[in-house]
Amino acid sequence: MLKALKSLLQRLYPCGKCSVGKAVYLTFDDGPIPEVTPKVLAILAKYNVKATFFMVGENIDKHPEVFEQVVQAGHSIGNHTYNHMKGWRVSTAEYIANVQKWEEAVKRQSPITNHQSPLFRPPYGRTWVWQRKAVKRLGYEIYLWDVLTRDYNAHRTPEAMLAQIKRQTRPGSIINFHDSVKSNERMLTVLPQAIEWLQKEGYELAAL
Ligand SMILES: [Zn+2]
């Protein structure tokens, strides 16, 4: 009965990610970084969950082996520009060139990872509206977040981050972490606790 209802809902709402079930999306920005990203991968593997990594192109070029590890583990990757670009400071042409430079970085990797990613997250979550339109014209879907852990902030404690995740997470939530050196310890402390709580609450952790 439940299965039939679910499949009916999925037919009514083909965007299964948006409306059906209790999915939550963990996202990690600014990697891949050798000091941090493999540790995130190990935690995700331990709990058998998939996530999404919005990578910076120059980090893909610097650390192709870490990039490969993320892809091989079956996680989604998204474009976060080549240079973590501040859209509001540059022209749309410059912004789009940087988005495409990210694509070139991905293409330089092995054939296995030579794929176009339709996911885009603007650095800082900020762009001009016409830049967003231009990114969409390239075929991207833009994903921000609704739960911002601010794990990059040295004043944040893992306890505060976990409390925030518990307070703000809803079905369909997109939770923002960073696999960056700045976030390293805080994020790695809270991540397993967050996953355990989310799973206990019946959330399914999925990649975008
Ligand atoms: Zn970022």
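This is a predicted model, so every value here is computed, not measured.

Description of the overall build of the protein
Here comes step 1: Across its full length, the protein carries nine helices and eight strands.
Here comes step 2: Split into buried and exposed, the 208 residues of the protein put 49% on the buried side.
Here comes step 3: A sequence separation of at least 24 residues applies to 74% of the contacts in the protein between residues at least 6 apart.
Here comes step 4: Roughly 10400 Å² of accessible area belongs to the protein as shown, and the carbon and sulfur atoms make up 55% of that amount.

A closer look at the packing of aromatic side chains
Here comes step 1: For the coordinates displayed, the defined rule picks out seven aromatic pairs.
Here comes step 2: Ring geometry for Tyr-95 against Phe-120: centres 6.2 Å apart, planes inclined by 80°, an arrangement best described as edge-to-face. Residue Tyr-95 is located in helix 6 (residues 92-107), and its partner Phe-120 is located in strand 4 (residues 119-120); the two are separated by 25 residues in the primary sequence. As far as burial versus exposure is concerned, Tyr-95 and Phe-120 are alike and both buried.
Here comes step 3: A connected cluster of aromatic rings, assembled from ring pairs, spans Phe-28, Phe-53 and Phe-177.
Here comes step 4: A cation over an aromatic ring shows up here: Arg-126 above the ring of Trp-88, its NZ or CZ 3.9 Å from the ring centre.

Thoughts on the coordination of the zinc ion
Here comes step 1: Taken together, Asp-30 (OD), His-80 (NE2) and His-84 (NE2) make up the protein donors of the zinc ion, found 2.0 to 2.1 Å from the metal.
Here comes step 2: Given a relative accessible area of 17%, Asp-30 falls into the buried group.

Focus on the nonpolar core
Here comes step 1: Within the largest apolar cluster, 48 residues are counted, with the highest numbers of intra-cluster contacts made by Leu-26 and Phe-28.
Here comes step 2: With eight residues, helix 9 (residues 184-200) is the single largest residue contributor to this core.
Here comes step 3: Excluding its chain neighbours within four sequence positions, the residues that come into contact with Phe-28 are Val-40, Leu-44, Ala-51, Thr-52, Phe-53, Phe-54, Phe-177, Asp-179, Met-187 and Leu-191.
Here comes step 4: Within the second largest apolar cluster, eight residues are counted, among which are Phe-54, Leu-119, Tyr-143 and Ile-174.

Details of the pattern of salt bridges
Working definition: two side chains of opposite charge can pair if their charged atoms are close together.
Here comes step 1: All told, the structure shown has three salt bridges when counted by the stated rule.
Here comes step 2: Two residues, Arg-121 and Asp-29, come together in a salt bridge whose shortest N-O distance is 2.8 Å. Of the two residues, Arg-121 sits in the loop between strand 4 and helix 7 (129-137) while Asp-29 sits in strand 1 (residues 23-29), which places them 92 residues apart along the sequence.
Here comes step 3: In this structure, Asp-61 engages Arg-108 in a salt bridge whose closest nitrogen and oxygen atoms are separated by 2.7 Å. With Asp-61 in helix 4 (residues 57-62) and Arg-108 in the loop between helix 6 and strand 4, this pair connects stretches of sequence that are 47 residues apart.

Remarks on a nonpolar patch on the surface
Here comes step 1: On the surface, Trp-128, Val-129 and Trp-130 cluster together into a nonpolar patch covering about 310 Å² of accessible area.
Here comes step 2: In this structure, Trp-130 sits in helix 7.
Here comes step 3: Take Trp-130: its relative accessible area is 47%, and that puts it in the partly exposed class.

Definitions and limits used
Residues numbered from 1 in each chain as written. Predicted model: local features only at pLDDT ≥ 70, side-chain atom pairs only at ≥ 80, totals over all residues. Heavy atoms only, no water. Helix = DSSP H or I, 4+ residues; strand = E, 2+ residues; numbered from the N terminus. Buried < 20%, exposed > 50% of the residue type's maximum accessible area, 1.4 Å probe, protein only. Contact = heavy atoms within 4.5 Å. Areas by Shrake-Rupley, 256 points an atom, 1.4 Å probe, with all protein chains shown as cover. Phe/Tyr/Trp six-rings, centres within 6.5 Å; stacked < 30°, edge-to-face > 60°. Lys NZ or Arg CZ within 6 Å of the ring centre and 35° of its normal. Donors = N, O, S within 2.8 Å, 3.2 Å for Na, K, Ca; no water. Core = buried A, V, L, I, M, F, W, Y, C linked by side-chain atoms within 4.5 Å. Salt bridge = Lys/Arg side-chain N within 4 Å of Asp/Glu carboxyl O. Patch = residues over 30% accessible without salt bridge, like charges linked within 9 Å, V, L, I, M, F, W, Y side chains within 5 Å.

That is the geometry; function is a separate question.
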